[in-house]
Amino acid sequence: MLGVGDWESLVAASLALIEKPLMVADLLDRTTDFYCVCLERVLSKVAADYAAFYEPIAANTGPVISPAMFERFAMPGYRKVLGLLEKFNVPLRIFCTTGGNLTSLLPLLIEAGINGLWISNIRDAGMEYRALRKTFGPDLALIGGIDAGALSLDENAVCKTVEETVPPLLEGGRYLPCLDDRPRNNISFAQYKLFRKLLEEIGFEV
């Protein structure tokens, strides 16, 4: 919510976690209650297929706050919202994030009710989808996971990344194949067409 590049606010928020923890906890609790009131009004009238949470909280070596701090400040709110989604039978509860290594936080989130991941800009081996599927099993739904950077290289790189990523995940179920980033201007239309053609062929085989 602080916005990319809003470093002064980020520093202040980080210091507040240490210097004003009760204020932070109260602010998060009131914000969560507001979200829950809005969600309950909607979900009591409209059936939802999924809910998505966006949490760009990790750097390459791990989350920017400790798992203990995440448990203290963030998880009470997650549990409230996830409990409400389960109450209204929202079947898919997706955790979206950008890059970084979230492995230390995933057990907390999955235990609370997160059952899907959509990670963009995967750069950490621990967050690679085949590794996550091996760790957490097929009940954890996955979206994306195909290295967009490969499409800026050559045809062999495109074929390799699709063939190594997509079929094993599709075989386990609960997987929607797509790039781990939006196509950038360094990806030619021909390479993108090849990528889509490979996905189509694999889809017909499955």
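Residues numbered from 1 in each chain as written. Predicted model: local features only at pLDDT ≥ 70, side-chain atom pairs only at ≥ 80, totals over all residues. Heavy atoms only, no water.

Draft legend 1. Representation of the pattern of salt bridges within the structure. As enumerated under the stated definition, the model contains 10 salt bridges in all. Two residues, Asp29 and Lys80, come together in a salt bridge whose shortest N-O distance is 2.6 Å. Taken together, the residues span a long stretch of sequence, with Asp29 in helix H2 (residues 21-43) and Lys80 in helix H4 (residues 75-87) at a distance of 51 residues. The salt bridge involving Glu40 is made with Lys87; its shortest N-O contact spans 3.0 Å. With a gap of 47 residues between them, Glu40 in helix H2 and Lys87 in helix H4 connect regions that are remote in the sequence. Residue classification places Glu40 among the partly exposed positions, given a relative accessible area of 32%. Classification of Lys87 by relative accessible area gives exposed; the value is 54%. (Salt bridge = Lys/Arg side-chain N within 4 Å of Asp/Glu carboxyl O. Helix = DSSP H or I, 4+ residues; strand = E, 2+ residues; numbered from the N terminus. Buried < 20%, exposed > 50% of the residue type's maximum accessible area, 1.4 Å probe, protein only.)

Draft legend 2. Just H2, in detail. Under the 1.5 Å per step criterion, the end-to-end length of H2 is 32 Å for 23 residues, consistent within 8% with the ideal 33 Å. If you check which residues of H2 are buried, you get Pro21, Val24, Thr32, Cys36 and Leu43. (Expected span 1.5 Å × (residues − 1).)

Draft legend 3. Region of the structure containing the sheet that holds strand E7 (residues 175-176). Spatially, five strands are ordered E1-E4-E5-E6-E7 in an open sheet, and the strand pairing comes out parallel. Across the chains shown, the open sheet's two edge strands, defined by having one partner strand only, are strand E1 (50-54) and E7. Here E1 runs beside strand E4 (residues 92-98); their pairing, made up of five bridges, is parallel. From the neighbouring strand, Tyr54 faces E4, where its bridge partner is Cys96. Its contacts with the sheet place helix H6 (residues 129-136) against strand E5 (116-120), strand E6 (141-144) and E7, and it is angled at close to 160° to E5. (Pairing = 2+ DSSP bridges. Contact = heavy atoms within 4.5 Å. Axes fitted to C-alpha atoms, helices over the stretch in contact; angles between N-to-C directions.)

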